[in-house]
Amino acid sequence: MTISKDDLAKLILVQSVDRDADALRKRLAQIPEDVAAIRADTEAGKAAMDAAKKKSQDLALKRKEKEGEMAAKEAAIKKHQGELNAVKTNEAFKALLKEIEEAKKGVSDAETVVLTLMDEADAAVKAEKAAAADFKGFEAKQGELVKSLEAKKAELESQLSGVEGRRKDLMGAVPPELAERYDKTRVRRNGIGLSKLEGNLCTECRVSLPPQVVVNVKKGHTLELCTSCQRILHDIPTVTSAA
Ligand SMILES: [Zn+2]
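1. Here we look at the overall build of the protein
Scanning the protein for helices and strands turns up 4 helices and 3 strands. Going from the N terminus to the C terminus, the protein shows its helices and strands as α-α-α-β-β-α-β. Computed over the C-alpha atoms, the radius of gyration of the protein is 41 Å, more than 25% above the 18 Å expected from 2.2 N^0.38 for a compact globule of 243 residues. In terms of overall dimensions, the protein has C-alpha extents of about 130 × 35 × 30 Å along its principal axes. For the protein, with 243 residues in total, the buried portion stands at 14%.

Below, the structure written as structure tokens:
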């Protein structure tokens, strides 16, 4: 394939634009992962808040049950005390007194438990409120993070579309056969289709090239590929932009 150094110079610009495009694509690909991680953190925060709420509810329920138990025992005591006047035998009277004593002890035990539960429930309600307040702030912050990532994504997409347009224009001026070879090599070689010759070395894979290849690259009239990495070789000095 006959080419010119001018063609290779155009391809160098394409390579530079491709590097920019690849970097933009990499950053774009990272955004959904970052968003997913933020959402997972938010879910974990919500789970902690829900757990605090459930603990508080469970304690309130337990307290209600114990209070119901206490009320039932108090009702039993009243009933038995009413029955005391109606019993005929001493044994029955004693038995009833015993039941009343046991019920009274039951009430006293339940009362102790209720008092403990009340303290625990108070602490749980406080913890629940604190967790809810924490989560509200956290959720808002996470929402802001997601929003800024979405804005970043739109910005990167717009930049990428600009870079892709520029690439299309540049590639339009490269001979089709050379352009095709560059694209194929770029895909196979980690995004880099071109390599600069330095002395007799391919700068991308550091392999020494045969003297004839080196001579041909210096002339710049034929397409020369690295014998190892197959990248298109050139010896055009890197132009550093003044801007
Ligand atoms: Zn090479």
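2. Observations concerning the domain arrangement of the protein
Along its sequence, the protein is carved into domain 1 (21-171) and domain 2 (176-234). The C-alpha-based centres of domain 1 and domain 2 are spaced at 65 Å.

3. Observations concerning the sheet that holds strand β3 (residues 232-234)
The strand order β2-β1-β3 describes an open sheet built from 3 strands, whose pairing is mixed. Edge strands, defined here as strands with exactly one partner in the open sheet, are β2 (201-202) and β3. In this sheet, β2 lies alongside strand β1 (residues 194-198) in antiparallel orientation, the contact comprising 2 bridges. Across the sheet, E198 pairs through a bridge with L201, a residue of β2.

4. A look at helix α2 (residues 90-172)
Relative to the 123 Å expected for 83 residues at 1.5 Å per residue, α2 spans 116 Å between its end C-alpha atoms, a close match to the ideal helical length. Within α2, burial applies to A103, A110, L117, A121, A124 and A131. Looking at the buried residues of α2, the elements they touch are α1 (5-83).

5. Remarks on the environment of K54
In this fold, K54 is placed in helix α1. Classification of K54 as exposed rests on a count of 12 C-beta atoms within 10 Å. For K54 and E128, which are 74 residues apart along the polypeptide, the C-alpha to C-alpha distance reads 8.7 Å.

6. Focus: the nonpolar core
Counting residues in hydrophobic clusters, the biggest one holds 14 residues, and the most contacted among them are L11, L178, Y182, I232 and L233. Where this core is concerned, the elements lending two or more residues are α1, α3 (176-188) and β3. At 3 residues, the largest contribution of residues to this core is made by α1. Beyond its immediate chain neighbours, meaning those up to four positions away, L233 contacts S195, L197, C202, V217, E224, L225 and C226.

7. Some thoughts on the packing of α1 against α3
Two numbers describe how α1 lies on α3: the axes approach to 11 Å, and their chain directions differ by 35 degrees. By crossing handedness, the relation of α1 to α3 is classed as right-handed. Every residue of α3 that contacts α1 at D7, L11, V14 and D18 is listed here: L178, Y182 and R186. Partitioned by chemical class, the residues of the contact of α1 with α3 number 4 nonpolar, no polar and 3 charged.

8. Description of the pairing of β1
Pairing of β1 with β3 involves 3 bridges; the strand directions are parallel. Residue pairing across strands places K196 opposite H234, the latter belonging to β3. If you look at the hairpin formed by β1 and β2, you'll find 2 residues sitting between the two strands, and G199 has a positive phi there, around 65 degrees.

9. Concerning the packing of α1 against α2
One way to put it is that α1 packs onto α2 with a least axis distance of 5 Å and a crossing angle of 165 degrees. Here α1 lies roughly antiparallel to α2, going by the angle between them. In this structure, the crossing between α1 and α2 has a hand that is left-handed. Tallied by class, the residues present in the contact of α1 with α2 amount to 42 nonpolar, 8 polar and 30 charged.

What counts and what doesn't
Residues numbered from 1 in each chain as written. Predicted model: local features only at pLDDT ≥ 70, side-chain atom pairs only at ≥ 80, totals over all residues. Helix = DSSP H or I, 4+ residues; strand = E, 2+ residues; numbered from the N terminus. Rg over C-alpha atoms; globule rule 2.2 N^0.38 Å. Buried ≥ 20, exposed ≤ 12 C-beta atoms within 10 Å, placed from the backbone. Domains from an automatic or database assignment. Pairing = 2+ DSSP bridges. Expected span 1.5 Å × (residues − 1). Contact = placed C-beta atoms within 7 Å. Core = buried A, V, L, I, M, F, W, Y, C linked by C-beta atoms within 7 Å. Axes fitted to C-alpha atoms, helices over the stretch in contact; angles between N-to-C directions. Left-handed = near helix turned anticlockwise from the far one by under 90°. Nonpolar A, V, L, I, M, F, W, Y, C, P; charged D, E, K, R; others polar. Parallel < 35°, antiparallel > 145°, perpendicular 65-115°, else oblique.

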